[in-house]
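These are the residues of each chain, in order.
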Amino acid sequence: MSLRKLTLFELKDKFTKGEVSAAEIVKAYFQRITVVESKVKAYITPAKKDALLKEADDLDYKLRGWRKIAPLMAMPIAVKDNICTEGVKTTCGSRMLENFVPSYDATVVSRLREQGYFLIGKTNLDEFAMGSSTENSAFGPTRNPWNLACIPGGSSGGSAAAVAADLCAAALGSDTGGSIRQPAACCGVVGLKPTYGRVSRYGLVAFASSLDQIGPITKDVRDAALMLQLIAGHDPLDSTSADVPVPDYQKALKFTMRGMKVGVPLEFFAEGLDPEVELAVRTAIIKMQELKAEIREISLPMTTYAVATYYLIATAEASSNLARYDGVKYGYRAAKEKGLLETYMKTRQEGFGPEVKRRIMLGTYALSAGYYDAYYGKAQSVRTLIKRDFDEAFKDVDMIVTPTMPTPAFKLGEKVQDPLQMYLSDIYTISVNLAGVPAIVLPCGFSSGKLPIGLQIIGRPFEEEKIIRAAYAYEQATDWHKKRPTL
Ligand code: GLN
């Protein structure tokens, strides 16, 4: 079997046993990049071939004779381009940071580096992670490997497409309202959004700080468990990272769901859900029952307010976070302006794309005197109620199973003129971020148009183990994860 098709775990196994060299791995991936990247456009900055080959040769040389292998040695992993990589451009899909080269690594990146990974490229995203289709990137859209006329989802569309198209062995994404899970669903791969605080956000370019979280996008559940293992845990550099022990996630990989109570929320199967998506998810729930899970109907009544609440809180935080891009400290600066204010205004006008501007305006409005209580304050109260819905549900069940996106991937261009329709793509993922809980997405079927459909499993805070276990049991009992796009 060709190397690029292997899961991270399989590839790592081959490398550890000495069956394949680092140079062979790097060559196989660059060959793939040469053949399909021009169609998919998953990367903003792919790694430099010669430099990476040199790194691989050096590693192979060093390992001659004795093989003391770190878990990710020689593994080609892609990183979303809003996660800082020392010495490698980190653009956030924006003109504003087009030439920004960080002087330090994000904590997740330094952890992968300690494990010996190879950075195979920085992946495309919606500008500053704002979007659901990767069409808001200043560098052009990424395409869905299953159908090049369709979106790969967003905002981590580049990462999900790169994994699905075998352009990397695994990837990192970020998720503020669904940006790991929704693209994973669109591209038929696995995406895991950890509990808020589980993974350090140090070095992740901030969008909405009370919601942002970094997580893996992988070919299967075992790989997701491995990646989470390596990036999770307390980080003194991020005060919101939790000092909670990280369990051994590989131990969670079991073939049954015996003893697990699974909730199915009524509100997630209402109007607007595509019948093919509903059928695939309901069929998956029946499979879980066969795997000995106990299924219960539950209610999350506040779900209807999730999108509205998110678009007040996320935009308010974004308007404050993005105030730093003023053309002075770093990033883009408008040319030849007179005076400070004019420089600020021109820089922001030219540096940001339309969606980012829309959100800054919305957020600034929601935070302004006279409107703060009516909008931002209200949204915070509703957020508490949404969280309470989950707390209540989790008294009865261990996890909650839902669709990931109301429809399969839509056509490029279909929703760009209609932001509200675009925002509704995240209706099933957003409440998870508002509540701060973890969720994993994995493939559970295909539409009649041959596009993947994703199943979402939501867990209690810091109980990633349980959702990993459920996802693994389901995955191993089906073969959706074995299906790959032909490119
Ligand atoms: N699609 C959502 C948005 O546009 C979520 C983005 C994300 O999770 N980064 O805000």
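Cut-offs used in this document
Residues numbered from 1 in each chain as written. Predicted model: local features only at pLDDT ≥ 70, side-chain atom pairs only at ≥ 80, totals over all residues. Heavy atoms only, no water. Helix = DSSP H or I, 4+ residues; strand = E, 2+ residues; numbered from the N terminus. Buried < 20%, exposed > 50% of the residue type's maximum accessible area, 1.4 Å probe, protein only. Contact = heavy atoms within 4.5 Å. Polar contact = N/O pair within 3.5 Å; in protein donor to acceptor, adjacent residues only side chain to side chain. 1 Å grid on protein atoms, 1.4 Å probe; cavity = no way out; pocket = protein on both sides within 12 Å on 5 of 7 lines; lining within 4 Å. Points joined across faces, edges and corners; volume = space filled by probe spheres on them. Nonpolar A, V, L, I, M, F, W, Y, C, P; charged D, E, K, R; others polar. Near = heavy atom within 4 Å. Areas by Shrake-Rupley, 256 points an atom, 1.4 Å probe, with all protein chains shown as cover. Sits in = over half its atoms within 2 Å of the grid points. Patch = residues over 30% accessible without salt bridge, like charges linked within 9 Å, V, L, I, M, F, W, Y side chains within 5 Å. Salt bridge = Lys/Arg side-chain N within 4 Å of Asp/Glu carboxyl O. Pairing = 2+ DSSP bridges. Axes fitted to C-alpha atoms, helices over the stretch in contact; angles between N-to-C directions. Parallel < 35°, antiparallel > 145°, perpendicular 65-115°, else oblique. Left-handed = near helix turned anticlockwise from the far one by under 90°. Core = buried A, V, L, I, M, F, W, Y, C linked by side-chain atoms within 4.5 Å.

1. Digging into the overall build of the chain
Next up, step 1: Within the chain, the regular secondary structure consists of 15 helices and eleven strands.
Next up, step 2: Each of the three principal axes of the chain carries a C-alpha extent, and together these read 70 × 60 × 45 Å.
Next up, step 3: Counting across all 487 residues of the chain, residues that qualify as buried make up 60%.
Next up, step 4: If you take every contact in the chain between residues at least 6 apart in sequence, the share linking residues at least 24 apart comes to 76%.

2. Things to note about the environment of R296
Next up, step 1: Its location among the elements puts R296 in strand β8 (residues 294–298).
Next up, step 2: Here R296 falls in the partly exposed class, since its relative accessible area comes to 29%.
Next up, step 3: With 33 residues separating them along the chain, R296 and G263 place their C-alpha atoms 4.9 Å apart.
Next up, step 4: The contact partners of R296, leaving out residues within four places of it in the chain, are K261, V262, G263, V264, D396 and V397.
Next up, step 5: Polar contacts involving the side chain of R296 include one to the main-chain carbonyl oxygen of D396, which spans 3.2 Å.

3. Focus: the layout of surface pockets
Next up, step 1: The calculated volume of the largest pocket comes to roughly 390 Å³.
Next up, step 2: Elements that contribute at least two residues to the lining of the largest pocket include exactly β1 (43–46), α3 (49–63) and β3 (118–123).
Next up, step 3: Looking at side-chain class alone, the lining of the largest pocket contains nine nonpolar, four polar and six charged residues.

4. Remarks on the site of the ligand
Next up, step 1: By nearness alone, 15 residues border the ligand, and T176, G177, S179, Y310 and D426 come closest of all.
Next up, step 2: The separation between an oxygen atom of the ligand and a polar main-chain atom of T176 is 2.7 Å.
Next up, step 3: One of the backbone N or O atoms of G177 is found 2.6 Å from an oxygen atom in the ligand.
Next up, step 4: Against a free-state accessible area of 290 Å², the protein chains account for coverage of 100% of the ligand.
Next up, step 5: Structurally, the ligand is housed in the largest cavity.
Next up, step 6: Of the residues contributing to the shell around the ligand, the split by class is five nonpolar, seven polar and three charged.

5. Thoughts on a nonpolar patch on the surface
Next up, step 1: Residues Y365, Y371 and Y375 make up a contiguous nonpolar surface patch of roughly 280 Å² in combined accessible area.
Next up, step 2: With respect to the secondary-structure elements, Y371 resides in the loop between α11 (354–367) and α12 (373–396).
Next up, step 3: Look at Y371 and you get partly exposed, because its relative accessible area is 35%.

6. Details of the pattern of salt bridges
Opposite charge on two side chains makes pairing possible when the charged atoms of those side chains draw close.
Next up, step 1: Here the structure, examined in full by the defined rule, presents 24 salt bridges.
Next up, step 2: Ionic pairing is found between R181 and D175, a salt bridge with its closest N-O pair at 2.8 Å. The pair R181 / D175 is uniform in exposure class, with both members buried.
Next up, step 3: With a shortest N-O distance of 4.0 Å, K251 and D248 are connected by a salt bridge.
Next up, step 4: A single network of salt bridges, built from pairs that share partners, joins D398, R460, E463 and K466.

7. Topic: the sheet that holds β3
Next up, step 1: Here eleven strands make up an open sheet; going across it, the order is β1-β3-β2-β4-β6-β5-β10-β11-β9-β7-β8 and the pairing mixed. In the strand order of this sheet, the two ends are held by β1 and β8, each with one partner. Averaged over all neighbouring strand pairs, the angle between strand axes comes to 30°, with direction disregarded.
Next up, step 2: Where β1 lies against β3, three bridges are found, and the strand directions are antiparallel.

8. Observations regarding the packing of helix α9 (residues 306–321) against α12
Next up, step 1: Direction vectors running N to C along α9 and α12 enclose 125°, while the axes themselves pass 9 Å from each other. The orientation of α9 relative to α12 falls into the category oblique. The two elements α9 and α12 cross, and the hand of that crossing is left-handed. Contact residues: A306, T309, L312, I313 and A316 in α9; Y375, Y376, A379, Q380, V382, R383 and I386 in α12.

9. Structural notes on the packing of helix α7 (residues 221–231) against helix α15 (residues 464–477)
Next up, step 1: Following both chains from N to C, one finds α7 and α15 inclined at 160°, their axes separated by 9 Å at the closest point. Relative to α15, the element α7 is oriented roughly antiparallel. Side by side, α7 and α15 meet where V221, R222, A225 and L228 of the first sit next to E464, I468, A471, Y472 and E475 of the second.
Next up, step 2: Across the contact of α7 with α15, the residue classes tally to six nonpolar, no polar and three charged.

10. Examining the pairing of strand β5 (residues 190–193)
Next up, step 1: Burial along β5 is two-sided: V190 and L192 facing one way and G191 and K193 facing the other are all buried.
Next up, step 2: Across two bridges, the pairing between β5 and strand β6 (residues 213–218) is antiparallel. From the neighbouring strand, G191 faces β6, where its bridge partner is I217.
Next up, step 3: Relative to strand β10 (residues 439–446), β5 runs antiparallel, the two sharing three bridges. Bridged to K193 within β10 is A439.

11. A look at the nonpolar core
Next up, step 1: Residues F15, F128, M257 and I457 are the most contacted members of the largest nonpolar core, which totals 162 residues.
Next up, step 2: Top element by residues in this core is helix α2 (residues 22–40). It accounts for ten residues.
Next up, step 3: Apart from the residues lying within four places of it in its own chain, the contact partners of M257 are V262, M288, L291, K292, A293, M399, R469, A470 and A473.

12. Quick look at unusual backbone geometry
Next up, step 1: Across the junction of G154 and S155, the peptide omega takes the value 10°, indicating a cis bond.
Next up, step 2: Among the secondary structure elements, S155 is positioned in the loop between β3 and α5 (157–164).
Next up, step 3: Phi at A129 is positive, roughly 65°, even though this residue is not glycine.
Next up, step 4: Among the secondary structure elements, A129 is positioned in the loop between β3 and α5.
Next up, step 5: One non-glycine residue with positive phi stands out, namely T134, at about 65°.
Next up, step 6: Mapped onto the elements of the fold, T134 is located in the loop between β3 and α5.

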